[in-house]
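Spelled out, the chains give:
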Amino acid sequence: GQIIPTPLHLEMERSYLEYAMSVIVGRALPDVRDGLKPVHRRILYAMYELGLTPDRPYRKCARVVGDVLGKYHPHGDQSVYEALVRMVQDFSSRYPLLAGHGNFGSVDDDPPAAMRYTETRLSSVGYNSLLEGISEAVVDFTNNFDNSQQEPAILPAQLPILLLNGCSGIAVGMATNVPPHNLNEIVDGLIALIDNPGTTDEQLWQIIPGPDFPTGGEITDRSGIVEAYSNGRGTITVRGVAQIEQIAIDGKRRRERTAIVVTELPYQVNKSAWIEKLAELVNIGRIEGIADLRDESDRQGMRVVIELKREADPRDILRTLYQQTALQSNFGAIFLALVDHKPCQLSLKRLLEEFLKFREETLTRKYRDQLEQTGQRLHLVDGLLLALDNLRTVISILTESPDGSTASARIQAELSLSSIQADSVLAMPLRRLTGLERQKLETEQNDLQVQIQQLEILLSQRHELLKGLKKELRSLKRQFGDARRTRIITQSAQLPEPPKTEVISQANILTLSVNNSLVWRTNQQWTAALKEPLIYAESIDPQNKSPLLVITESSKVFAISLERRSSRAQLFSSLLPKSAQHEQIISHLFLPNDSSQLDLLLLSASGKIKRLPAKELESVGSRGVSLMKLKEGETLAKVSPYHSGQHLAIATSRGRILHIKSISEVLPPTSRAAQGIQALVLAPEETIVGTQAMSEKDELLLVSQQGYLKRLPLKVLRACKFGDTGAIALQLSQKNDQLVAMLSTSLGDSVLVLTSLNRSLKLSLSSVPLLDRTSPGEFMTQLKPNETIKLVKTQDLRL
């Protein structure tokens, strides 16, 4: 009856976080150990309980769904049935975990029949690799939703199903999209890591060259694979398989026509939707040279015939199909899974290592249980044999004892047996008194002793356990391995690109000065422009249609069109909407042609950081959108472009730097609505002065307000975690001094220094000394008395 007043915003924040973690852990993301989401794990275990093993008859899917809903998964029946169907479809799963009988849909996105018509059971690979030998001794069990019975928290997977079948899922603020792989290659990779834990990523990629999709196709570029395997995130370009053939018209060989025949499509491409889209492009004139289009697919495989007109070049048409249709698609790989109930973005090697770690733990628990069971049985057999050796004593005790408990106590006392052994002797049938039965007990005793010795060796000697693990993996490879379906082609094997015509035009120069004046000048005006301090300059074609993106302190980004921009000087802020003209401009950029390979790191003034895919900015208009959720009174401090594999350095005014390695693993990409996580905690009056994504081999340029500067290798700074204090990188020798700039020396050969007296000084980086972390730096001799440094910028002259 007690009422506790709670602020609404705090209750909403707590409740939403609980909901988000519930979705992440309990529904959307797979566990790195068995590679399954809870719904798939519950379906498989419910079928195991029903006895639907590969050697048993099929059972109606409605029965399976009913058991799953009633015992383990209290959600909608359609969601459970859809998950079951995907585990049956051989075009969705590389190694289907369930076998189906009936209509389970098609690659044309035809819906499966209702669950009352279809039947299912466990497939051989599903049973052998996930459920064989499951028990509470091998894996942890937990209560189901109503505490009425137990369900496994994880299945004792013998193969990394997450890599074999892949997985896709959308959680709150994060997503996973793991591509499927070939079983033979994955097993070889696991064995290589067992033999040599120090196997490098490059050596592992030689064994596992790339994904292996169930629908085949071709991977045209290895760079996306390397990025995904090394950082856990990358874009893999997949194209369908097509041949150019000569086919007869109306069955007459004399009348032939050139045709493009498509026999494989990229993974998850709907064949009927692709054909419909292609027909639409032909009808509206976007694609020319196609005379007829028909689908000749049957039970033997896919065959889509595209007849061409006589004057059409089949290679040009095929190249157009790759460019304008889903015949060539990008698979955005995200290796995100739960590790110790926490979402982590993993590299290929880390994912395999986590599976091997789990498998070793599972085998250890299995062997310990077997050792315990075998020891208990040997204990009983020893008691029975001892009783047979003293049979007359046992008979005498039985005939003289008034009841069973007395007999048991006397047997324990006179033969030195345990209570369990004594009970076993009392329960021994008379046929055990024969010579043949005694021989069987002696044989069993010897076998149990050998088994115990073998199990003790496996548990005490890790290399013997790993040897057994390798033997198990090779057995599964022989049983379920198959040939690769997806081909990885080299650049030389691809279609040649058409020659590009170089357009030579009168380029214009876009400049941004320190007083935020945006000037659109011609080449002739460029020389005069160099007389004022410039912090940005870029050569742009007059026909450029790519907008300039401007990010303000409120974390809003606006797109400014540069087409037909006049050459007179304009105040930069006047080009923004009126509501944003009073805001400070934090950053500005042009998006690259392929923005999928670029992220932005956004850092607030209070030290919160988030990672935003640059493709989120592709649809930004002049009205602007928000990039980061900020609390009231909070502002955006820094924006830094980030490419996969780079390190991060965050500098504060007190001269400390937070160095973060492997950003991809600790800072997953989030949506524009996300708030970010706390990167570091600032002291009173301490501010953030710089953030830079860079290579570990790069150097930092550190500049203080009083004119002290130095270069410092990034690698000398210890690697930290978000929330750490970082390390002092510049010792401030004066009380009124502070760090005002941190830049990467890889951004250019010189920087522009702006002072409190409105002077601009060009500083060559080669003249800045390379010092250690504890050094205060050297004084900049060009400064006048009482002159301080206000701003340091790179002068990017890409002309």
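See above for the structure.
A brief look at the structure comes next. Counting from 1, residues in each chain are numbered in the order their sequence is written. Only residues with pLDDT of at least 70 get local features here, since the model is predicted, and only at 80 or more are side-chain atom pairs given and counted; chain-wide, interface and lining totals rely on the full set of residues. Only heavy atoms go into the side-chain values, all of them from the structure, while hydrogens and water stay out.

Some words on the overall build of the protein
Reasoning step 1: For the purposes of this entry, the term helix denotes a DSSP run of H or I that reaches at least four residues, the term strand denotes a run of E that reaches at least two, and both are numbered from the N terminus. Tallying secondary structure elements over the protein gives 19 helices and 42 strands in all.
Reasoning step 2: Along the first, second and third principal axes, the C-alpha atoms of the protein reach 120 × 90 × 60 Å.
Reasoning step 3: We call a residue buried when its accessible area falls under 20% of the maximum for its residue type, exposed when it is over 50%, and partly exposed in between, using a 1.4 Å probe and counting protein chains only. Among the 799 residues that make up the protein, the fraction classed as buried is 49%.
Reasoning step 4: When charges are counted, Lys and Arg are positive and Asp and Glu negative, with His and the chain ends excluded. In this description, the location of a charge corresponds to atom NZ of lysine, CZ of arginine, CG of aspartate or CD of glutamate. Side chains of the protein carry 93 positive and 92 negative charges; the gap between the two charge centres is 4 Å.

Side note on the sheet that holds strand S26 (residues 608–613)
Reasoning step 1: Paired strands, as defined in this entry, are two strands with at least two bridges between them according to DSSP. Strand order in the open sheet formed by 4 strands is S28-S25-S26-S31, with antiparallel pairing between adjacent strands. The sheet terminates laterally at strand S28 (636–642) and strand S31 (677–678), the two strands that pair on one side only.

Topic: the nonpolar core
As a rule of thumb, nonpolar side chains are buried together in soluble globular proteins.
Reasoning step 1: By convention a nonpolar core is built from buried Ala, Val, Leu, Ile, Met, Phe, Trp, Tyr and Cys residues, the set being connected through side-chain atoms within 4.5 Å. Grouped together as the largest cluster of nonpolar side chains are 86 residues, with contacts concentrated most on Ile43, Leu44, Leu84, Leu98, Leu130 and Leu352.
Reasoning step 2: Considering each element in turn, this core owes the most residues, 8 residues, to helix H12 (residues 348–389).
Reasoning step 3: Two residues qualify as a contact provided that any one of their heavy atoms is within 4.5 Å of a heavy atom in the partner residue. Sequence-distant contacts of Leu352, that is, excluding residues within four places in its chain, are made with Leu163, Ile186, Leu190, Leu193, Leu204 and Ile208.

Side note on the sheet that holds strand S41 (residues 789–794)
Reasoning step 1: Taken in spatial order, the 3 strands line up as S39-S38-S41 in an open sheet, and their pairing is antiparallel. Across the chains shown, the open sheet's two edge strands, defined by having one partner strand only, are strand S39 (760–764) and S41. Going from strand to strand, the sheet's axes swing by 25 degrees on average, the running direction of each strand aside.
Reasoning step 2: Where strand S38 (residues 750–755) and S39 come together, 5 bridges link them in antiparallel fashion. The residue bridging Leu752 from the neighbouring strand is Lys762, located in S39. Only the stretch in contact is used when fitting a helix axis, every axis being a line fitted to C-alpha atoms; angles between N-to-C directions are given from 0 to 180 degrees.

Here we look at the pairing of strand S22 (residues 556–560)
Reasoning step 1: For S22, a buried count of 4 out of 5 residues is recorded, marking the element as mostly surrounded by other parts of the structure.
Reasoning step 2: As paired elements, strand S21 (residues 548–552) and S22 share 4 bridges and run antiparallel to each other. When the sheet's bridge partners are listed, Ile551 is paired in S22 with Val557.
Reasoning step 3: Taking the residues between adjacent antiparallel strands as the criterion, S21 and S22 are bridged by 3 residues, where Ser555 takes a positive phi near 70 degrees.

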